Protein chains: 2
Amino acid sequence: LTGSDRFLKACRREAADRTPIWLMRQAGRYLPEYREVRKKHGLLDIVKNPELAVEVTLQPIRRFGFDAAILFSDLLIPFEPLGIPFSFARGEGPRIESPLRSRGDVERLRRVEPLESFAFTLEAIRLLRRELEVPLIGFAGAPFTLASYAIEGGPSKSFEKTKAVMYQEPETWHLLLSKLAKVTSDYLAAQVEAGAAAVQVFDSWVGALAPSDYRTMVLPHSRSIFESLSKLGVPAIHFGTGTAGLLREMRAAGGDVIGLDWRIDLDRGWELIGTDVAVQGNLDPLALLAPREVLLDRVDDVLRRAGEKLGHIFNLGHGILPETPIENVHLLVERVRQHRRS
Amino acid sequence: LTGSDRFLKACRREAADRTPIWLMRQAGRYLPEYREVRKKHGLLDIVKNPELAVEVTLQPIRRFGFDAAILFSDLLIPFEPLGIPFSFARGEGPRIESPLRSRGDVERLRRVEPLESFAFTLEAIRLLRRELEVPLIGFAGAPFTLASYAIEGGPSKSFEKTKAVMYQEPETWHLLLSKLAKVTSDYLAAQVEAGAAAVQVFDSWVGALAPSDYRTMVLPHSRSIFESLSKLGVPAIHFGTGTAGLLREMRAAGGDVIGLDWRIDLDRGWELIGTDVAVQGNLDPLALLAPREVLLDRVDDVLRRAGEKLGHIFNLGHGILPETPIENVHLLVERVRQHRRS
């Protein structure tokens, strides 16, 4: 089977020759060839230049032969057309110039025309479609995670300002999340139209929420995205971290594949959401910094817990770390490849 | 019933008139009377001065009439006698001067004589025992959380250095955790001897671990603490955050009461660990910054999910935040008091 068959079959819980593998942030700072590109170009320069975005997206495929490629881009790309300018402070994550503070700020957000605002992304996808022999995963942020950046102004530990808006100004909150859900839906539809064979919706920070808050304040907005995606005919992956207590709710919101980070055993997590849906995960990214025997033991543990059930995509529980040794990625990929399903 | 009966009965899953309530960090920066004391004294000065520690421990009991008091102290108190000096950077959490880096560093840790090294704590407990009409909860850190501070040198996001030692130097790791487990066991035994009516073991950051790592690298050490506690005849609370995927393992390690943070519904969490053990939690500390109606709705949700089962202690999922309005704490306490079990 080609990688294409393998990955898409797993998304759809169809039988394949072996477990497909790709890694979140597989194009990134752990790769010397990526660091070479970054010497000359800023992160957003790469994202906005289709040729560079294509090159960087292809780098890990050439080196490791992953079963899927993921578009090199950033969750916050929709912020600029929405009217929320941001930049990247060296090694510190995004910084939003004027975080959203009021109902007025949310009302003033601009309408986004995907074909116009994301032209560079869509062009990169069209170019990649021609180059790639494996499926390309498009992606965008889920409403909660995008809102948390827009309100906090950058990464956060406790999401205090985000929850303050959620609790104190529920109407402003719902207006913001519905606007973000609309942009994400439109953006992903345009990515699929341009050639993305699957999409991943990143709700990276949603694990900060109590399930009761998720159900009333977030789920309806995330669901609207997955409902619009279900009409596009490509599989959708629903990803988050710290979500061991939220998995049933995330499943209820939607997705053909649910992401499991490393903080729950894969088999227990899969049991919670139901084995009639596919799962992706769930190695601790720090296991890739461990000695060979420890790494292989943890990889085998994930594969053993997935067992013979249909629909497991091997991945890390979150993005690969910049300090990861290349040889450990080879070891990981080799081990998953050798693992034949009976 | 007095608070004493109520709290201890809940720990033992015996019937009581209503759900007991206390809050983690109930003596702390949200209280104006505490901030007054802090104007004149540093955090560690208060901890090491029994009269001041007693005063600060009593402040929230006087104001709110909580059903239990918790000794004002700090998780890192055992570090100084162990030979790991640290200080508090203003508003930033602890900073360890020379984080542990090698097997030699761990071998050089000193033996701790609790009666000598923790004399100030034990004296504060003896004084409190006379003053208090509610039970006093003693506490100490669990081995993983203490190790993470000792290795990272302070608070951490990904626990990269901690996991590096765990994966790369398992013998050093187990030596460190067994030493920390011994200190915690001895420290808690001395606190009970001095008059603590219950103890809480804080494994605040253990939720960063994959369950497979917890089982082999942490559980045996935490278990040794709960085994030694079980001989002391007082209830033990086992607390962590981000542990929705680790609850069964934490229960296996021990504790009469398992802490549930807000990231899992209380009823689901209780189901996972088994209703033959008591639970403590599980309101999001940020709900105390919400408007009255939202706060009460979330409080009622926790109480409803606890239902008529025996053994629920109301608490936050983590420490109360400095920004918390006093009137909301009154509202919370009043609501829990009004909730009669049928």
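These remarks concern the structure in this document. (Residues numbered from 1 in each chain as written. Chains lettered and ligands numbered in written order. Predicted model: local features only at pLDDT ≥ 70, side-chain atom pairs only at ≥ 80, totals over all residues. Heavy atoms only, no water.)

### A short note on the nonpolar core
Line of reasoning, step 1. Residues Phe7(A), Phe79(A), Trp173(A), Phe7(B), Phe66(B), Phe79(B) and Trp173(B) are the most contacted members of the largest nonpolar core, which totals 263 residues.
Line of reasoning, step 2. Among all residues touching Trp173(A), those that are not within four sequence positions of it are Phe144(A), Ala147(A), Ile151(A), Thr162(A), Val165(A), Met166(A), Met217(A) and Val218(A). (Core = buried A, V, L, I, M, F, W, Y, C linked by side-chain atoms within 4.5 Å. Buried < 20%, exposed > 50% of the residue type's maximum accessible area, 1.4 Å probe, protein only. Contact = heavy atoms within 4.5 Å.)

### Concerning the interface of chain A and chain B
Line of reasoning, step 1. Listed by partner, the interface residues are 36 residues for chain A and 36 residues for chain B.
Line of reasoning, step 2. Regarding the contact of chain A and chain B, the summed buried area is about 3000 Å², with carbon and sulfur atoms giving 47% of it.
Line of reasoning, step 3. For the interface between chain A and chain B, the tally reads eight salt bridges.
Line of reasoning, step 4. Arg215(B) is the salt-bridge partner of Asp265(A), the closest N and O atoms lying 3.0 Å from each other.
Line of reasoning, step 5. Counting the contacts that link chain A with chain B gives 14 residue pairs in polar contact (both at pLDDT 80 or more).
Line of reasoning, step 6. Among the secondary structure elements, those contributing two or more residues to the side of chain A that touches chain B are helix H10 (160-168), helix H12 (211-230), helix H13 (247-253) and helix H15 (292-306) of chain A.
Line of reasoning, step 7. Of all the elements, H12(A) adds the most residues to the side of chain A that touches chain B, at five residues.
Line of reasoning, step 8. Looking at the side of chain A that touches chain B residue by residue, the class counts come to 16 nonpolar, six polar and 14 charged. (Buried area = accessible area lost by both parts, 1.4 Å probe. Salt bridge = Lys/Arg side-chain N within 4 Å of Asp/Glu carboxyl O. Polar contact = N/O pair within 3.5 Å; in protein donor to acceptor, adjacent residues only side chain to side chain. Helix = DSSP H or I, 4+ residues; strand = E, 2+ residues; numbered from the N terminus. Nonpolar A, V, L, I, M, F, W, Y, C, P; charged D, E, K, R; others polar.)

### What to know about the sheet that holds strand E1 (residues 69-70) of chain A
Residues and elements named next belong to chain A.
Line of reasoning, step 1. Read from one edge of the open sheet, seven strands run E1-E4-E5-E6-E7-E8-E9, paired in parallel fashion. Each edge of the open sheet is held by one strand with a lone partner, namely E1 and strand E9 (312-316).
Line of reasoning, step 2. Pairing of strand E6 (residues 236-240) with strand E7 (residues 257-260), which is carried by two bridges, proceeds in the parallel orientation. Looking at E7, one finds that His 238 is bridged to Ile 258.
Line of reasoning, step 3. Running at roughly 170° to strand E4 (residues 136-141), helix H11 (residues 170-194) makes contact with E4 and strand E5 (198-203) of the sheet.
Line of reasoning, step 4. The strands touched by H15 are strand E8 (278-283) and E9; relative to E8, the strand with the most contacts, the crossing angle is about 160°. (Pairing = 2+ DSSP bridges. Axes fitted to C-alpha atoms, helices over the stretch in contact; angles between N-to-C directions.)

### So, the packing of aromatic side chains
All names here are of chain A.
Line of reasoning, step 1. By the definition in use, this model includes 20 aromatic pairs over all chains.
Line of reasoning, step 2. On the numbers, 5.9 Å between centres and 80° between planes, the contact of Phe 86 with Phe 88 is edge-to-face.
Line of reasoning, step 3. Overall, the relative accessible area of 8% leaves Phe 86 in the buried class.
Line of reasoning, step 4. Taking the relative accessible area as the measure of exposure, Phe 88 reaches 29% and is therefore partly exposed.
Line of reasoning, step 5. Judged by centre distance (6.2 Å) and plane angle (50°), the ring pair of Phe 144 and Phe 159 falls under tilted. Taken together, the residues span a long stretch of sequence, with Phe 144 in helix H9 (residues 143-152) and Phe 159 in the loop between H9 and H10 at a distance of 15 residues.
Line of reasoning, step 6. Residue Phe 159 is classed as buried on the basis of its relative accessible area, which comes to 6%.
Line of reasoning, step 7. These aromatic residues form a ring-pair network of at least three members: Tyr 30, Phe 64 and Phe 66. (Phe/Tyr/Trp six-rings, centres within 6.5 Å; stacked < 30°, edge-to-face > 60°.)

### Describing the sheet that holds strand E9 (residues 312-316) of chain B
Residue and element names in this part refer to chain B.
Line of reasoning, step 1. Ordered in space as E1-E4-E5-E6-E7-E8-E9, the seven strands form an open sheet in which the pairing is parallel. Edge positions in the sheet fall to strand E1 (69-70) and E9, since each of these pairs with one other strand and no more.
Line of reasoning, step 2. Pairing analysis gives two bridges linking E1 to strand E4 (residues 136-141), with the strands arranged parallel. Residue Ile 70 lies in a different strand from E4, and its bridge partner there is Ile 137.

### Points about the pattern of salt bridges
Line of reasoning, step 1. Within the structure shown, the criterion is met by 58 salt bridges over all chains.
Line of reasoning, step 2. We note a salt bridge from Arg305(A) to Asp265(A), for which the minimum N-O separation is 3.6 Å. Placement of Arg305(A) in helix H15 and of Asp265(A) in the loop between E7 and helix H14 (266-273) is noted, with a sequence separation of 40 residues between them. Both residues of the pair, Arg305(A) and Asp265(A), belong to the buried class.
Line of reasoning, step 3. In this structure, Glu249(B) engages Arg215(B) in a salt bridge whose closest nitrogen and oxygen atoms are separated by 2.4 Å. With a gap of 34 residues between them, Glu249(B) in helix H13 (residues 247-253) and Arg215(B) in helix H12 (residues 211-230) connect regions that are remote in the sequence.
Line of reasoning, step 4. Relative accessible area serves as the criterion here: at 4%, Glu249(B) is assigned to the buried category.
Line of reasoning, step 5. Taking the relative accessible area as the measure of exposure, Arg215(B) reaches 26% and is therefore partly exposed.
Line of reasoning, step 6. Taken together, the salt bridges that share partners define one network made up of Arg215(A), Glu249(A), Asp265(B), Asp267(B), Arg268(B), Asp301(B), Arg304(B) and Arg305(B).

### Some thoughts on helix H15 (residues 292-306) of chain B
Residue pairs spaced three or four apart in an α-helix point in one direction, given the helix's 3.6 residues per turn.
Line of reasoning, step 1. Here H15(B) spans 21 Å end to end across 15 residues, near enough to the 21 Å set by a 1.5 Å rise per residue.
Line of reasoning, step 2. When H15(B) is considered as a whole, its buried residues turn out to be Val294(B), Leu295(B), Leu296(B), Arg298(B), Val299(B), Asp301(B), Val302(B), Leu303(B), Arg305(B) and Ala306(B).
Line of reasoning, step 3. For H15(B), the secondary structure elements touched by its buried residues are H10 and H12 of chain A together with helix H14 (266-273), strand E8 (278-283), E9 and helix H16 (326-338) of chain B.
Line of reasoning, step 4. One or two residues past the end of H15(B) sits Gly307(B), with phi positive at roughly 60°. (Expected span 1.5 Å × (residues − 1).)

### Some remarks on the environment of Asn315(B)
Residue and element names in this part refer to chain B.
Line of reasoning, step 1. Checked against the element boundaries, Asn 315 lands in strand E9.
Line of reasoning, step 2. According to the relative accessible area criterion, Asn 315 is buried, its value standing at 0%.
Line of reasoning, step 3. A sequence separation of 21 residues divides Asn 315 from Val 294, and the C-alpha atoms of the two residues are 17 Å apart.
Line of reasoning, step 4. With residues up to four places along the chain from it excluded, the contact list for Asn 315 reads Trp 22, Leu 23, Met 24, Gln 280, Gly 281, Asn 282 and Leu 283.
Line of reasoning, step 5. In this structure the side chain of Asn 315 is engaged in a polar contact, spanning 3.0 Å, whose partner is the backbone nitrogen of Met 24.

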